[in-house]
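Secondary and tertiary structure notes
Residue strings, one per chain:
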Amino acid sequence: MREHAVVIAGGGPTGLMLAGELALAGVDVAIVERRLNQEIVGSRAGGLSARTLEVLDQRGIVERFLAEGQIAQVTGFAVTRLDISDFPTRHNYGLALRQKHIERILVGWVAELPVAIYRGCELTGFMQDASGVTIELSDASEIRAAYLIGCDGGRSLVRKLAGIEFPGWDATTSNILAEAEMEEEPPLGVHRTALGMHAFGREDYEIRDGKVVFASEGPINVMVTETSAVAAGEPTLGDLRRALIAACGTDYGIHGLKWISRFTDMSRQAADYRKGRIFLAGDAAHVHSPVGGQGLNTGVQDAVNLGWKLAQVVKGLSPEALLDTYHAERHPVAARVLRTTMAQVALQRTDDRTEALRDIVLELLGLDEARKTLAGEMSGLALRYDLGEGHPLLGRRMPDLDLATPDGSIRVFALLREARPVLLNLAATGSLDIAPWSGRVRLVQASYGGPWELPALGAVPAPSAVLIRPDGYVAWVGEGTQDGLHDAMTIWFGPLG
């Protein structure tokens, strides 16, 4: 029987990112993926948020994505774009890049790491016991692992077999997505009618002055709201024609269907992200409308939160209790994503009362504080994990400062390339004693004389030291002493002895 420390069911963006994180930490990890290659049929996510770009920057691979995507202010809420160009980050923008390209680039990165990928088969069952999980595959083989992670999408078999509840809200609206030929040229762009939203576009496009300019030739990408939210199964060309006629008065002579799918605004979240040796991440843990572009980004950040914690437990550095912080930190984040997504769907309705509400929301978002607050949330830059009371940096992303060190200048994110914790000492050399943890935590002596600013929050007092987790979040802040440092090291990076 093949054995790995961790097996990931599903090789989409979440599964790939998690595999990369575990491999960087020296953990034997494998992905089970039903696709023979990374090709995607149909439309999926369309871009990366500012915080996801920062996470990729922390691992030294963001340039691969920037080289293929288009920078734009794509952060938004319902019917308005939210400008984050004044946010204190190197990535004060979003990146328009289709999921098929995101996955291809991630696969290229993972291929450089010791990650096994079993393609053309999928998980069909598993049994967990006190020492691990035995995983059954569709090719009748088995794999043994210490832990199993379900990154297998909204219909997650891992979640179902683990008996994890998936409560939430049923669909109130249904949309058809497709790519096809049309005899008549439809009006490209997004439109709102009494029946809901519909849009036409093409695969190739450019963003010019913040506006999408589609190619003049090629098949048409279609999104149209159906008249009923109760449709089930795969839609047909006939369903699409009827929806187009209802919304537009014509089907534009649609034919030559390349692919077709359906999505709804069903919103559900796993009651537990962990059950023993089984974990959920990405769409397996939370599903919602794609409005707002939060899904893929939330999943990738699930992976970055879980990866280093699981690595420390697998390597025997931390007790299993550390793994409970994954649910504690990420479940509230996705719960909030579900709420903001549901609010956006509600604001897209076309009745007069919703129009009035939308006008009020637009007025409020014109206020700078409201804009920064919501943009900070939608971009992922203002996230704070609840690590208790203390300095404003505690539990927030570490800014990517330009540091001066005895070995020369270096960016904070460059210190996180290997997914290891870093203790940044900005006070006198030798003022911090972490000798017992020196094999686990990298101590960097540095100085920084510039401002400390956080997105949406603004300026914060300069600390004397900062303990940075491998995911880039601040676990402890020194304010002239090392009070609490050893406790923080023990909690996050394991007890000694």
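Everything below is about the structure printed above this text.
The rules behind each value
Residues numbered from 1 in each chain as written. Predicted model: local features only at pLDDT ≥ 70, side-chain atom pairs only at ≥ 80, totals over all residues. Heavy atoms only, no water. Core = buried A, V, L, I, M, F, W, Y, C linked by side-chain atoms within 4.5 Å. Buried < 20%, exposed > 50% of the residue type's maximum accessible area, 1.4 Å probe, protein only. Helix = DSSP H or I, 4+ residues; strand = E, 2+ residues; numbered from the N terminus. Contact = heavy atoms within 4.5 Å. Expected span 1.5 Å × (residues − 1). Arc of directions from axis to C-beta. Polar contact = N/O pair within 3.5 Å; in protein donor to acceptor, adjacent residues only side chain to side chain. 1 Å grid on protein atoms, 1.4 Å probe; cavity = no way out; pocket = protein on both sides within 12 Å on 5 of 7 lines; lining within 4 Å. Points joined across faces, edges and corners; volume = space filled by probe spheres on them. Nonpolar A, V, L, I, M, F, W, Y, C, P; charged D, E, K, R; others polar. Pairing = 2+ DSSP bridges. Phe/Tyr/Trp six-rings, centres within 6.5 Å; stacked < 30°, edge-to-face > 60°. Lys NZ or Arg CZ within 6 Å of the ring centre and 35° of its normal.

1. Examining the nonpolar core
By size, the foremost hydrophobic cluster in this structure holds 88 residues, and its most contacted members are Val6, Ile8, Phe65, Leu148 and Leu467. Here this core takes nine residues from helix H7 (residues 295–314), the largest share from any one element. Excluding residues within four positions of it along the chain, leucine 148 makes contact with Val7, Ala9, Leu123, Phe126, Val133, Ile135, Val158, Arg277, Ile278 and Phe279.

2. Some remarks on helix H9 (residues 352–365)
With 14 residues, H9 should cover 20 Å at 1.5 Å per step; its first-to-last C-alpha distance of 20 Å lies within 8% of that length. Along H9, the residues classified as buried are Thr354, Arg358, Val361 and Leu365. Considered in projection along H9, the buried side chains sweep an arc of 60 degrees and stay on one side of the axis. Within H9, the exposed residues directed more than 90 degrees away from the buried face are Asp352, Arg353 and Glu363. Lining the buried residues of H9 we find strand S5 (76–77), strand S6 (80–81), strand S14 (189–193), helix H8 (324–347) and helix H10 (368–379). The residue sitting at the N-terminus of H9 and contributing the capping side-chain oxygen is aspartate 351; that oxygen lies 3.2 Å from the backbone nitrogen of arginine 353.

3. Remarks on the layout of surface pockets
In this model, the second largest pocket occupies a volume close to 350 Å³. Surrounding the second largest pocket, 23 residues form its lining, Val333, Arg336, Val337, Glu377 and Leu383 being those nearest its centre. Only H7, H8 and H10 provide two or more residues apiece to the lining of the second largest pocket. Element by element, the count of residues in the lining of the second largest pocket is highest for H8, at eight residues. Taken together, the residues that form the lining of the second largest pocket break down as eight nonpolar, nine polar and six charged.

4. Topic: the sheet that holds strand S3 (residues 47–48)
Overall, antiparallel pairing links the three strands, which are arranged S3-S7-S4 in an open sheet. The two strands at the open ends of the sheet, each matched to only one other strand, are S3 and strand S4 (70–72).

5. Details of empty space enclosed by the protein
Across all of its chains, the model carries two cavities of 30 Å³ or more by this definition. If you trace the largest cavity, you find it lined by Arg51, Val55, Gln301, Val304, Asn305, Arg330, Tyr385, Asp471 and Tyr473. Those elements that place two or more of their residues in the lining of the largest cavity are helix H2 (50–58) and H7. Per element, the largest residue contribution to the lining of the largest cavity is three residues, and it comes from H7. For the lining of the largest cavity, the class distribution of residues is four nonpolar, two polar and three charged. Considered as a void within the structure, the second largest cavity measures approximately 40 Å³ in volume.

6. Structural notes on the packing of aromatic side chains
Two aromatic rings, taken as a pair, are described by how far apart their centres are and by the angle between their planes. All told, the structure shown has nine aromatic pairs when counted by the stated rule. Relative to tyrosine 473, the ring of tyrosine 385 has its centre 4.8 Å away and its plane inclined at 55 degrees; by these criteria the two rings are tilted. Of this pair, tyrosine 385 sits in the loop between H10 and strand S24 (402–405) while tyrosine 473 sits in the loop between strand S30 (465–468) and strand S31 (474–478); the two residues are 88 residues apart in sequence, bridging distant segments of the chain. By relative accessible area, tyrosine 473 is classed as buried at 5%. Through a chain of ring-to-ring contacts, the aromatic side chains of Tyr147, Tyr273, Phe279 and Tyr326 assemble into a single cluster. A cation sits over an aromatic face here: arginine 277 above tyrosine 147, 5.0 Å from the ring centre.

7. Details of the pairing of strand S10 (residues 133–137)
By the criterion of burial, S10 is predominantly enclosed, with four of the five residues buried. For strand S9 (residues 123–128) and S10, the ladder comprises five bridges, and the chain directions are antiparallel. By the bridge assignment, methionine 127 is partnered in S10 with threonine 134. The pairing of S10 with strand S11 (residues 142–150) spans four bridges and is antiparallel. Counterpart to threonine 134 in the pairing with S11 is arginine 144. Remark: four residues form the turn of the hairpin made by S10 and S11, two consecutive strands paired antiparallel; alanine 140 in that turn has positive phi of roughly 75 degrees.

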